[in-house]
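In case you want the letters, here they are:
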Amino acid sequence: MIENDFQDTPTAEIGPRKQVDQLTGPELQEIVREAGIVGMGGAAFPSHVKISSGLGKVDTLIINGCECEPYITSDYRMLLERPYEILDGIDILLRIFGLEHAYLAIESNKHPAVEGITDILSEGCKSRVMVRELRTRYPQGAEKQLIQTITGRQVPPGKLPADVGCAVFNVDTTAAIFRAVYQGMPLIRRIVTVTGSAVRRPKNLRVRIGTPIRDLFENAGGFSSLPKKIIMGGPMMGVAQYDLSVPVIKGTNALIAMSEKECRIEETKSCIRCGKCISVCPMHLMPLYLNLFADRNRFDQLEAYNLSDCIECGACTYVCPSRQPLVHNFRTAKRRLAEEKKRQQRSGA
Ligand code: SF4
Ligand code: SF4
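All values derive from a computational prediction rather than experimental measurement.

> I'd like a rundown of the site of ligand 2, residues and numbers included.
By nearness alone, 15 residues border ligand 2, and C271, C274, C277, C320 and S322 come closest of all. When residues of the shell around ligand 2 are traced back to their parent elements, those giving at least two are α9 (276-280) and α10 (287-295). Ranked by residues supplied to the shell around ligand 2, first place goes to α10 with three residues. Tallied by class, residues from the shell around ligand 2 come to nine nonpolar, four polar and two charged.

> Can you explain the domain arrangement of the chain? Please cite residues and give values.
Once the domains are mapped, the chain shows domain 1 (20-183), domain 2 (189-258) and domain 3 (276-347). Here domain 1 and domain 2 have C-alpha centroids that lie 25 Å from each other. Between domain 1 and domain 2, the residue contacts involve 16 residues of the former and 17 residues of the latter. Sort the elements by how many residues they give to the side of domain 1 that touches domain 2 and helix α3 (residues 74-81) lands first, with three residues. Taken together, the residues that form the side of domain 1 that touches domain 2 break down as nine nonpolar, four polar and three charged.

> Account for the sheet that holds strand β2 (residues 102-107), with residues named and values stated.
Taken in spatial order, the four strands line up as β3-β2-β1-β4 in an open sheet, and their pairing is parallel. The open sheet is flanked by β3 (129-134) and β4 (166-170), the only strands paired with a single partner. Shown here is a sheet whose adjacent strand axes are inclined to one another by a mean of 25°, direction ignored. Sheet analysis places strand β1 (residues 60-65) next to β4, joined by five bridges and oriented parallel. Residue pairing across strands places T60 opposite C166, the latter belonging to β4.

> Report on the packing of α10 against helix α13 (residues 326-347), specifying residues and quantitative values.
Close contact between α10 and α13 brings their axes to 10 Å; oriented N to C, the two are set at 50°. Of the possible angle classes, the one that applies to α10 and α13 is oblique. Between α10 and α13 the crossing geometry is left-handed. Residues P287, L290, N291 and A294 of α10 lie in contact with α13, whose contacting residues are L326, N329, F330 and A333.

> Can you break down the site of ligand 1 residue by residue, with the values?
Ligand 1 sits among 16 residues. The nearest are C281, C310, C313, A315 and C316. Those elements that place two or more of their residues in the shell around ligand 1 are α12 (315-319) and α13. If you tally residues by element for the shell around ligand 1, the top one is α13, at three residues. The residue inventory of the shell around ligand 1, partitioned by class, reads 14 nonpolar, one polar and one charged.

> Residues and numbers for the nonpolar core, please.
By size, the foremost hydrophobic cluster in this structure holds 90 residues, and its most contacted members are I62, I63, L93, A105, I177 and L255. A105 has contacts with I62, I63, N64, G65, C66, R132, L134, L146 and I150, leaving out every residue within four places of it along the chain.

> Run through the packing of helix α1 (residues 25-34) against helix α4 (residues 83-97), naming residues and quoting values.
Working note: a packed helix pair is described by the angle between its axes plus the distance between those axes. As a packed pair, α1 and α4 sit with axes 8 Å apart at the nearest point and diverge in direction by 125°. The orientation of α1 with respect to α4, classified from their angle, is oblique. Here α1 and α4 pass one another in a crossing that is left-handed. Mapping the contact onto sequence places G25, L28 and Q29 in α1 and I92, R95 and I96 in α4. Taken together, the residues of the contact of α1 with α4 sort by class into three nonpolar, two polar and one charged.

> A description of the sheet that holds strand β6 (residues 203-208) should follow, citing residues and the corresponding values.
Ordered by their spatial adjacency, five strands build an open sheet running β6-β5-β9-β7-β8, and the pairing between neighbours is mixed. Where the open sheet ends on each side, the last strands, each with one partner, are β6 and β8 (239-241). This sheet shows a mean twist of 30° between the axes of neighbouring strands, independent of strand direction. Both strand β5 (residues 189-195) and β6 contribute to a ladder of six bridges, which runs antiparallel. For I191, the partnering residue across the bridge sits in β6 and is R206. Running at roughly 125° to β5, α3 makes contact with β5, β6 and β9 (254-258) of the sheet.

The rules behind the values
Each chain has its residues counted from 1, following the order in which its sequence is written. Throughout, the order in which chains and ligands are written sets their labels, letters from A for the former and numbers from 1 for the latter. Given that this is a predicted model, residues contribute local features only at a pLDDT of at least 70 and side-chain atom pairs are listed and counted only at 80 or more, while totals for whole chains, interfaces and linings are drawn from all residues. Nearness between a residue and a molecule or strand is assessed with a C-beta atom placed from the backbone; a distance within 6 Å qualifies. Elements are defined by DSSP. Helices are runs of H or I of four residues or more, strands are runs of E of two residues or more, and each kind is numbered from the N terminus. Under this grouping Gly is polar, as are all residues other than the nonpolar Ala, Val, Leu, Ile, Met, Phe, Trp, Tyr, Cys and Pro and the charged Asp, Glu, Lys and Arg. Source of the domain bounds: an automatic or database domain assignment. Placing C-beta atoms from the backbone, we regard two residues as in contact once those atoms come within 7 Å. Note on pairing: DSSP must find at least two bridges between two strands before they are called paired. Axes, fitted as lines to C-alpha atoms, cover a helix only where it is in contact. Angles between the N-to-C directions of the axes lie from 0 to 180 degrees. Throughout this description, any angle smaller than 35 degrees is read as roughly parallel, any larger than 145 degrees as roughly antiparallel, any in the 65 to 115 degree range as roughly perpendicular, and the remainder as oblique. By the definition used in this description, the sense in which the near helix is turned from the far one sets the handedness, with an anticlockwise turn below a right angle giving left-handed and a clockwise turn giving right-handed. Residues enter a nonpolar core if they are buried, belong to Ala, Val, Leu, Ile, Met, Phe, Trp, Tyr or Cys, and are joined to the set through C-beta atoms within 7 Å. In this scheme every C-beta is placed from the backbone, and a residue whose C-beta has 20 or more other C-beta atoms within 10 Å is buried, one with 12 or fewer is exposed, and one in between is partly exposed.

See below:
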């Protein structure tokens, strides 16, 4: 049990680090690990693991400022308000990977951020960063889509970005790396978008990891009407919440409280084989079949139809006229598939 004295005094170990220029790649990597930095775009994958698995393979570094889900603006605020933290974080990643240049990808609906960063770069201090303003479309910010858009390389099924020579880091993660290296600050806070039609004063808040989500809604003026649904994350990929005492975690980029009017909950009907889910899937999967196999626990077929490649973008669920809860079914099917594999391993099958 840690008792809060509400003094907010950092420990003696936290403070500006001297002679950062002399730190080696492995030392920088260790700082990232010690600071507990993870992918802050939502995935929360440990950054030091991404770095270590990419060393010697990665020739292209991409910084992801494409916050493609509707409602969320936390990365956008970072780009506007703390561009130097992001750019210095990029320099650290370039040093770790031993690369000369990085791409910074930003969607065209965040043009002021593109302008702001370009202005800084034109001052000549950060010429190692190339800004790419990309078309606004969903899911532009998904790792594999971004790699294809920027480099033309396709990550094969079951493979990782490092297998095609790429590493992708979110802008907030990159800024967290800067703070860890230069200020000695571990990852203890992040920006969260608090929004939705049931929120009185939608805003972005910089909050400590572990803050109950109730406090964030209260800070945003509370609810203007009783929320029908509360989502942690974006409306496409987020997870519904049933308890306001749950804490903000490192991957919490948004909290959305939807009113009755905004949140349609429709009855699920039988699949009519319209194929709309196939036509929108960015991973070229066949969601209707995956759904069928998930329903019947056909683990062999789920593997054969590359369930693991599903990035849980929710595009199939969004377009389905029968309101099939496709992405929800895929998430649970992935868990069941992993359990089944463990069971097989244990039984030696
Ligand atoms: S959620 Fe649906 S559309 Fe998105 S990758 Fe998975 S199967 Fe494809
Ligand atoms: S979009 Fe829905 S109804 Fe149409 S094929 Fe896919 S799962 Fe079936």
